[in-house]
Amino acid sequence: METVLSGIRSTGNLHLGNYFGAIKNFVKMQHEYRCFFFIADYHSLTTHPKPADLHDNVRQVLAEYLATGLDPEAATLYVQSDVPEIPELYLMLNMNAYLGELERTTTFKDKARQQPDNVNAGLLTYPVLMAADIIIHKATKVPVGKDQEQNLEMARKFARRFNTMYGVEVFPEPEAFNFGEQLVKIPGLDGTGKMGKSDGNGIYLAEDPKSIRKKVMAAVTDSGPTVPGSPVSEPIQNLFTLLEVVSTPDTLAHFQAAYADCTIRYGDLKKQLAEDIIRFTEPIRERIVSIRDDREYLGKVVRMGAEKARASASQTLREVRETIGFKPF
Ligand code: TYM
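Residues numbered from 1 in each chain as written. Predicted model: local features only at pLDDT ≥ 70, side-chain atom pairs only at ≥ 80, totals over all residues. Heavy atoms only, no water.

Scanning the protein chain from N- to C-terminus turns up 14 helices and 5 strands. Relative to the compact-globule value of 20 Å for 329 residues, the protein chain shows a C-alpha radius of gyration of 21 Å, a close match. Along the longest, intermediate and shortest principal axes, the C-alpha atoms of the protein chain span 80 × 45 × 40 Å. Classification of the 329 residues of the protein chain by burial places 50% in the buried group. For the protein chain, the accessible area works out to roughly 15,800 Å², and carbon and sulfur atoms hold 53% of it. The positive charge centre, built from 39 side chains, and the negative charge centre, built from 43, are 2 Å apart in the protein chain. (Helix = DSSP H or I, 4+ residues; strand = E, 2+ residues; numbered from the N terminus. Rg over C-alpha atoms; globule rule 2.2 N^0.38 Å. Buried < 20%, exposed > 50% of the residue type's maximum accessible area, 1.4 Å probe, protein only. Areas by Shrake-Rupley, 256 points an atom, 1.4 Å probe, with all protein chains shown as cover. Lys, Arg positive; Asp, Glu negative; His and termini not counted. Charge placed at Lys NZ, Arg CZ, Asp CG, Glu CD.)

This is the structure we're talking about:
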């Protein structure tokens, strides 16, 4: 059976981009594949979270994962830092990862630009840790959004390199995967770019309806089409993309037609979009609230997840250590 793995950094609440990029199809497939889903808390250290916040961030993301429909009995749901085999494999993979290729990674270049005072080695080797996350379970399918495509390419490269270097077939090559659909990029509300955690342009799964309406009504638009067949600007295309994921096909078609014949009123589109987002997020939000404070349940879930994840990870690590030449005295 194929192994599927996906992860999310614990640096903030889950947003619609995370859901449609990495979670939606996973929830559907968790009963048909060997599935791993984890919270990347080591990855969150690149931005130096306060010790007092770290645990709460992980707990929040865990509750949000569960609220989306992840079944911890069917899938293995765990916290990265509960699995020491991951940093051990990361250390070994780092020996075969080269400065030039790491410096050329787009995500590294972006981060180095965003946080020029904190260009740490963890940022540089971020794709190596990601590769370790994936190949420690020999995963072949990795549901991610479009933004992670290059990191997946790196993971493939590191897996292949290990095999070639030692003349073995320890690791299969993982691929970015969205269950037959294109990898998606969910846009933000500020007119350009993707929905993100840090950019303040996102709608969170745990967000209350009032705040969703306010954000959507404030989304960037343009001055509207003036002649039939006017090209669609990026901010408007972004709103259509959001309609595409949360609204019915009829609603999308209605506003597309109104755009084409220049009768569109952006206020109407936004009102509809906000209501459709609320209809989608409301049940998830209710579940988040009911799960978040159930520490006993959350504790049970992560302990079970850690046990299952370590069983799988330690098996791979044993093979890796043997391949490299470590032997017991
Ligand atoms: P992170 O936490 O930034 O995002 C988690 C997942 O959500 C997807 N995503 C999006 N998809 C579409 N549109 C968007 N606007 C959008 N924003 C986020 C991401 O593509 C990702 O799939 N490095 C990873 C976490 C990670 C990981 C891994 C993922 C660590 N190890 C191993 C997969 C496999 C990250 O920071 O994702």
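In the vicinity of the ligand, 27 residues are found, and the nearest of them are Arg9, Tyr126, Asp133, Gly145 and Asp147. One nitrogen or oxygen atom from the main chain of isoleucine 186 is found 2.8 Å from a nitrogen atom belonging to the ligand. The contact in question runs from a nitrogen atom of the ligand to an N or O atom on the backbone of methionine 195, over 2.9 Å. Here the ligand has 700 Å² of accessible area as a free molecule, and 98% of this is covered by the chains. (Near = heavy atom within 4 Å. Polar contact = N/O pair within 3.5 Å; in protein donor to acceptor, adjacent residues only side chain to side chain.)

This next bit is on the nonpolar core. Grouped together as the largest cluster of nonpolar side chains are 57 residues, with contacts concentrated most on Tyr65 and Phe240. Of the residues forming this core, the biggest block, 9 residues, is contributed by helix H13 (residues 266-292). Split by domain, the residues of this core number at least three in each of domain 1 (3-184 + 295-324) and domain 2 (209-289). When neighbours within four sequence positions are excluded, phenylalanine 240 is seen to be in contact with Val232, Leu252, Phe255, Gln256, Tyr259, Ile264 and Leu269. Judged by nonpolar contacts, the second largest core, of 40 residues, contains Tyr90, Leu152, Ala155 and Leu317. (Core = buried A, V, L, I, M, F, W, Y, C linked by side-chain atoms within 4.5 Å. Domains from an automatic or database assignment. Contact = heavy atoms within 4.5 Å.)

For the rest of this paragraph, the subject is the environment of isoleucine 277. Structurally, isoleucine 277 can be placed in helix H13. Sequence-wise, isoleucine 277 and valine 245 are 32 residues apart; in three dimensions their C-alpha atoms are separated by 9.2 Å. Not counting the four nearest positions on each side in its chain, isoleucine 277 is found in contact with Leu16, Ile203, Ile212, Val216 and Val246.

Glancing now at the domain arrangement of the protein chain. Looking at the protein chain, the domain boundaries give domain 1 (3-184 + 295-324) and domain 2 (209-289). Each of domain 1 and domain 2 was reduced to a C-alpha centroid, and the two centroids are 32 Å apart. Taken together, the contact between domain 1 and domain 2 spans 8 residues of the former and 8 residues of the latter. For the pair domain 1 and domain 2, the summed buried surface comes to about 700 Å²; carbon and sulfur atoms form 83% of the total. Taken as a group, Leu16, Phe20 and Ala67 account for 67% of the area that domain 1 buries against domain 2, more than any other trio of residues on that side. (Buried area = accessible area lost by both parts, 1.4 Å probe.)

Running from amino to carboxyl end, helix H10 (residues 209-217) crosses H13 at an angle of 150 degrees, the nearest separation of the two axes being 9 Å. Classified by the interaxial angle, the pair formed by H10 and H13 is roughly antiparallel. For the pair H10 and H13, the sense of crossing is right-handed. Along the contact surface, H10 presents Pro209, Ile212, Arg213, Val216 and Met217, while H13 presents Gly267, Lys270, Lys271, Leu273, Ala274, Glu275, Ile277, Ile278, Thr281, Glu282 and Arg285. Within the contact of H10 with H13, the residues separate by chemical class into 8 nonpolar, 2 polar and 6 charged. (Axes fitted to C-alpha atoms, helices over the stretch in contact; angles between N-to-C directions. Parallel < 35°, antiparallel > 145°, perpendicular 65-115°, else oblique. Left-handed = near helix turned anticlockwise from the far one by under 90°. Nonpolar A, V, L, I, M, F, W, Y, C, P; charged D, E, K, R; others polar.)

Under the criterion given, the structure shown has 10 aromatic pairs. Their ring planes at 65 degrees and their centres at 5.2 Å tell us that phenylalanine 162 and phenylalanine 171 sit as a pair that is edge-to-face. Through a chain of ring-to-ring contacts, the aromatic side chains of Tyr19, Phe20 and Phe280 assemble into a single cluster. (Phe/Tyr/Trp six-rings, centres within 6.5 Å; stacked < 30°, edge-to-face > 60°.)

This part is about helix H3 (residues 51-67). Given a rise of 1.5 Å per residue, 17 residues ought to cover 24 Å, and the 25 Å separating the end C-alpha atoms of H3 matches this to within 8%. Listed in full, the buried residues belonging to H3 are Val58, Arg59, Gln60, Val61, Leu62, Ala63, Glu64, Tyr65, Leu66 and Ala67. Where H3 terminates, the next one or two residues include glycine 69, which has phi positive at roughly 115 degrees. (Expected span 1.5 Å × (residues − 1).)

What follows deals with the side chain of glutamine 148. By the element assignment, glutamine 148 lies in the loop between strand S4 (141-143) and helix H9 (149-166). Side-chain polar atoms of glutamine 148 contact the side chain of asparagine 151, separated by 2.9 Å.

This part covers the side chain of serine 230. Tracing the backbone through its elements, the reader meets serine 230 in the loop between H10 and helix H11 (234-246). A polar contact is formed between the side chain of serine 230 and the backbone oxygen of valine 227, at a distance of 2.6 Å. If we skip the residues at most four places from it in the chain, serine 230 touches Pro225 and Tyr259.

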